[in-house]
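Overview (structure and organization)
Each chain is listed here by its residues.
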Amino acid sequence: MRDAYSNTAARVALAASVRSASANGTSVDLAAGGAVYQDALILVHAGTITDGTHTIDVQESDNDSTWTPVAASQLQGSKPALVAADSGKVRAIGYKGTRRFLRVSVSVTGATTGGTYGAIVLLGNPRTASAVHA
């Protein structure tokens, strides 16, 4: 089928939470349920950012244990650094790489109360099966 529901699946990569310290998100498997997704779009949704700079990074892995930052050449758009002016906004980053696992991490500097935000990975265009909705 050629509709969004059959060809995309959303996975939580960084649970929405109030943050004032750096953190690593949850691993997302691009081969989840045997679908072998060809595309990934990382969506960072900010609630209220009260202080600090919250720099988002996208990391990749072949084995779900050794993580490296994704090279800029493998990303579409820029990795956001969330500040108070980003409250209520959504930032998107496309992933063009070929590694099996992705995760979102955040480095926080200058925060006392921090900010509320999270990230999801929207997986798209499965190669071998319809999208698997968990």
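See the structure shown above.
Keep in mind it's a predicted model, so treat the numbers as computed, not measured. (Residues numbered from 1 in each chain as written. Predicted model: local features only at pLDDT ≥ 70, side-chain atom pairs only at ≥ 80, totals over all residues. Heavy atoms only, no water.)

1. Thoughts on the sheet that holds strand 1 (residues 8-19)
The strand order across the open sheet formed by 5 strands is 1-11-4-9-7, and the pairing between neighbours is antiparallel. Of all strands in the sheet, those with a lone pairing partner are strand 1 and strand 7 (75-76), marking the two edges. In terms of strand pairing, strand 7 meets strand 9 (residues 90-95) through 2 bridges, oriented antiparallel. Residue pairing across strands places Leu-75 opposite Tyr-95, the latter belonging to strand 9. (Pairing = 2+ DSSP bridges. Helix = DSSP H or I, 4+ residues; strand = E, 2+ residues; numbered from the N terminus.)

2. Brief notes about the nonpolar core
One broad trend across soluble globular proteins is that nonpolar side chains are buried collectively. Counting 29 residues, the largest nonpolar core has Ile-42, Ile-56, Tyr-95, Leu-102, Tyr-117 and Val-121 as the members making the most contacts within it. Every element with two or more residues in this core is listed here: strand 1, strand 4 (37-49), strand 5 (53-61), strand 9, strand 10 (101-109) and strand 11 (115-126). Ranked by residues supplied to this core, first place goes to strand 4 with 6 residues. Excluding residues within four positions of it along the chain, Val-121 makes contact with Ala-9, Ala-10, Arg-11, Ala-13, Val-28, Ala-40, Leu-41, Ile-42 and Leu-102. (Core = buried A, V, L, I, M, F, W, Y, C linked by side-chain atoms within 4.5 Å. Buried < 20%, exposed > 50% of the residue type's maximum accessible area, 1.4 Å probe, protein only. Contact = heavy atoms within 4.5 Å.)

3. Concerning the pairing of strand 9
Here is the key point about a regular strand: its side chains alternate between the two faces of the sheet. Pairing analysis gives 6 bridges linking strand 4 to strand 9, with the strands arranged antiparallel. Along strand 9, the bridge assignment pairs Ile-42 with Ile-93.

4. As for unusual backbone geometry
The backbone phi angle of Val-36 is positive, close to 50 degrees, even though this residue is not glycine. Within the element layout of this structure, Val-36 appears in the loop between strand 3 (28-29) and strand 4. Its identity as a non-glycine residue notwithstanding, Asn-125 has a phi of 55 degrees, on the positive side. Residue position: Asn-125 is located in strand 11. In this structure Asn-125 comes out as partly exposed when scored by relative accessible area, which is 37%.

5. Structural notes on the environment of Ile-56
Looking at where Ile-56 falls in the secondary structure, it is placed in strand 5. Looking at Ile-56, the relative accessible area reads 1%, which means it is buried. The spacing of Ile-56 and Val-106 is 50 residues in sequence and 4.6 Å in space, taken between C-alpha atoms. For Ile-56, the contacting residues outside a window of four places in its chain are Val-44, Lys-79, Pro-80, Leu-82, Ile-93, Val-104, Ser-105, Val-106 and Tyr-117.

6. Overview of the pattern of salt bridges
Two side chains that carry opposite charge are able to pair once their charged atoms sit near each other. A full pass over the atoms with the stated rule returns 4 salt bridges. For Arg-99, the salt bridge goes to Asp-62, with nearest N and O atoms at 3.7 Å. On the criterion of sequence distance, the pair formed by Arg-99 in the loop between strand 9 and strand 10 and Asp-62 in the loop between strand 5 and strand 6 (68-69) is long-range, its members being 37 residues apart. For Arg-99, a relative accessible area of 30% puts it in the partly exposed group. With a relative accessible area of 51%, Asp-62 lands in the exposed category. (Salt bridge = Lys/Arg side-chain N within 4 Å of Asp/Glu carboxyl O.)

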